[in-house]
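# Report on the structure
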Amino acid sequence: MATATHRVVRVALRGDSMLTHPRFNKGTAFTHSERKAFGLTGRLPHRVNTLEEQCARAYDQLSAREEPLRKNTFMQSLKDQNWTLYYGLLSRHVKELIPIIYTPTQGDAIANYSHLFRRSEGLYLSFPEQDDMEVDFLEYTKGRDIQLFVITDSEAILGIGDQGVGGIGIATAKSAIYTLLGGMDPSKTVPVVLDVGTDNKHLLDDKLYVGWSNRRIRGKAYDRFVDQFMQLVRKHYPHSLVHFEDFGVGNAQRLLDYYRPKHSVFNDDVQGTGAVTLAAMMSAVGVTKTKLSEQRYVVYGAGTAGLGITKQLRDGIMAIDRISREEANKRFFLLDRHGLVKESLGPSNIRESLREYVRPDSEWEGVPTNAQGEIGLLDVVKHIKPTALVGCSTHTGAFSEEVVRAMAASTDRPIIFPLSNPSRLVEVEPRLANDWTDGRALLATGSPFPPCKNPNGKTYDVAECNNALIYPGLGYGAMVTQARTLSDTMIIAGARRLASLSPALKDPDNALLPDFSEAREVNTEVAIAVAEQAIAEGSAGVDWDREEVRDRIAEKQWIPEYPDFIFDPMHGEGHV
């Protein structure tokens, strides 16, 4: 983590306004001189605590709660009270608490959002109030230097689908990760939910549902609503980064493609998942001493994440191994609910975004099909003998023993990435894949799993292919350089830097990706690589030399340390 520098902040607030403002509240850490200056002496017990003491107390309180969802609500309450203490506690227990404030526990909090609701936590833009969107937008952001908007329409939340207005929870969680692991100042981030209704019948029938109880708006009306928001961002915060999160399969790639030439935008489900998977794959081929372009990839699950992974791997192959797009596409075999994506499925069963990956029927003569002419995973594996198998289907157990053994029979080090979240939906448990390949598999998963035991007695650490190892760094690197776009080459630069930090490159029995406890340092390295690339390709809006990027980022990263406050009623800060 970056080293703290002594900061002095002038503040115009006083009394209870200081204690109820999460940006300025120190609780018992206010010094005696600050208490006098801000009218707090009678509002606080006498002793002044250090942040370390406050974190110890908060951790004890957290530990008294056994259920993950209760821990999640405790952390949310803490964030509402004191940002520095919240992030200070998280930074001291990163690996333990990320699953509490993010996946998987945040998914449960989102599913129960209307019943757990206590106070608002971001910017809610509802379709029925679209005529007042600019007024609402400016009321929320006035006086603030906003550098990041994390926006969702909540249609495809964390593997649990359409969650309506509760999707604000994923936007706030992603924003928190940007701060914790990327160094983004929390006062410069805005989580946003576009409440365009919901098709979740459970929510529509729930009398306590707090969102707009209406079927989801689609088509041109939906596009106009999204564009209305994007135009406000471009008008008022032209140098900000917009992070799209958990949009449905029909909108995620489409919106990303539309807005990329116009503003600095990023879709974590498409690009973040792809980038961290590319990094893990680069580590795996580093272990096998082969090239990305020499692999045969089976991607099981061709939705938003699966297609994003495929495109990022393809782009990585093109950039690193210098082959054409057409040749790179030939390395991929995609399966969706109709099985292998091949010509004879017909146009009605093949989305436009999958067209360039369609396999010719001539490759599959004599391969068994079902009654509908579809080819399943096992027969694909037997026929093409893949070296890499990627799962993002949420189809529990899809990588069966027969599938895994068939793959392992034709490759020395099978690369198996069951990436579906949460862990109960994983395509294969790592310990089983490890057993069925006699410890030869190179593994990465989308959720944390315990180490596996190899036949030689050694322990094999399973890499957690978690987007949070890379997306905060990708976003921060683009934001800090005021890049006009987060380009494919910038993303690949970040992925290559992450791959270079792989423990497996030193010992093949180690994990393919760094441990999550190192996520802050890892994301800083990613941010540096992205910023250097932005400067090199001329898309940066700052006048820096590449050689000064590391120092500049260290200067600008926010860290959870209390500044000294001076009361200044005329010129001090008083708004988030």
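Look up: the structure comes first, before these words.
Just so we're clear, the structure is a prediction, and the values are computed from it rather than from any experiment.

### Details of the overall build of the chain
Scanning the chain for helices and strands turns up 23 helices and 16 strands. Scaling as 2.2 N^0.38, a compact globule of 576 residues should have a C-alpha radius of gyration of about 25 Å, and the chain matches this with 24 Å. With the C-alpha coordinates of the chain rotated into their principal frame, the extents come out at 85 × 55 × 50 Å. Across the 576 residues of the chain, 58% fall into the buried class. A fraction of 71% describes how many contacts in the chain between residues 6 or more apart in sequence connect residues 24 or more apart.

### Regarding a negative patch on the surface
On the surface, Glu129, Asp131, Asp132 and Asp136 cluster together into a negatively charged patch. As for its placement among the helices and strands, Asp132 is situated in the loop between strand E2 (123-126) and helix H9 (133-141). Residue classification places Asp132 among the partly exposed residues on the basis of a relative accessible area of 41%.

### Comments concerning empty space enclosed by the protein
What the rule picks out here adds up to 1 cavity of 30 Å³ or more. Approximately 90 Å³ is the volume found for the largest cavity. Lining of the largest cavity is provided by Asn72, Met75, Gln76, Lys79, Tyr86, Ile101, Gln106, Gly169, Thr172, Ala173 and Ala176. Looking at the lining of the largest cavity, the elements that each hand over two or more residues are helix H4 (68-81) and helix H10 (168-182).

### Focus on the side chain of Ser487
Among the structural elements, Ser487 can be located in the loop between helix H20 (471-480) and helix H21 (488-500). Residue contacts for Ser487: discarding those within four places in its chain leaves Arg260 and Glu537.

### Looking at the packing of H10 against H20
Relative to each other, H10 and H20 sit at 80°, their axes nearing to 9 Å. As judged from the angle between their axes, H10 and H20 are roughly perpendicular. Where H10 approaches H20, its residues Lys174, Ile177, Tyr178, Leu181 and Gly182 are matched on the opposing element by Tyr471, Pro472, Gly475 and Tyr476. Counted by class, the contact of H10 with H20 contains 6 nonpolar, 2 polar and 1 charged residues.

### Some points on the layout of surface pockets
Each pocket or cavity is described by its volume, and for the largest pocket that value is around 1,100 Å³. Lining the largest pocket are 44 residues, with Gly159, Thr304, Ala305, Cys392 and Thr394 positioned closest to its centre. Listing elements by their share of the lining of the largest pocket, those giving two or more residues are helix H14 (268-288), helix H15 (304-321) and strand E8 (332-336). Here the element with the most residues in the lining of the largest pocket is H15; it accounts for 4 residues. When its residues are assigned to classes, the lining of the largest pocket shows 15 nonpolar, 20 polar and 9 charged.

Definitions and limits used
- Residues numbered from 1 in each chain as written.
- Predicted model: local features only at pLDDT ≥ 70, side-chain atom pairs only at ≥ 80, totals over all residues.
- Heavy atoms only, no water.
- Helix = DSSP H or I, 4+ residues; strand = E, 2+ residues; numbered from the N terminus.
- Rg over C-alpha atoms; globule rule 2.2 N^0.38 Å.
- Buried < 20%, exposed > 50% of the residue type's maximum accessible area, 1.4 Å probe, protein only.
- Contact = heavy atoms within 4.5 Å.
- Patch = residues over 30% accessible without salt bridge, like charges linked within 9 Å, V, L, I, M, F, W, Y side chains within 5 Å.
- Areas by Shrake-Rupley, 256 points an atom, 1.4 Å probe, with all protein chains shown as cover.
- Salt bridge = Lys/Arg side-chain N within 4 Å of Asp/Glu carboxyl O.
- Lys, Arg positive; Asp, Glu negative; His and termini not counted.
- Charge placed at Lys NZ, Arg CZ, Asp CG, Glu CD.
- 1 Å grid on protein atoms, 1.4 Å probe; cavity = no way out; pocket = protein on both sides within 12 Å on 5 of 7 lines; lining within 4 Å.
- Points joined across faces, edges and corners; volume = space filled by probe spheres on them.
- Axes fitted to C-alpha atoms, helices over the stretch in contact; angles between N-to-C directions.
- Parallel < 35°, antiparallel > 145°, perpendicular 65-115°, else oblique.
- Nonpolar A, V, L, I, M, F, W, Y, C, P; charged D, E, K, R; others polar.

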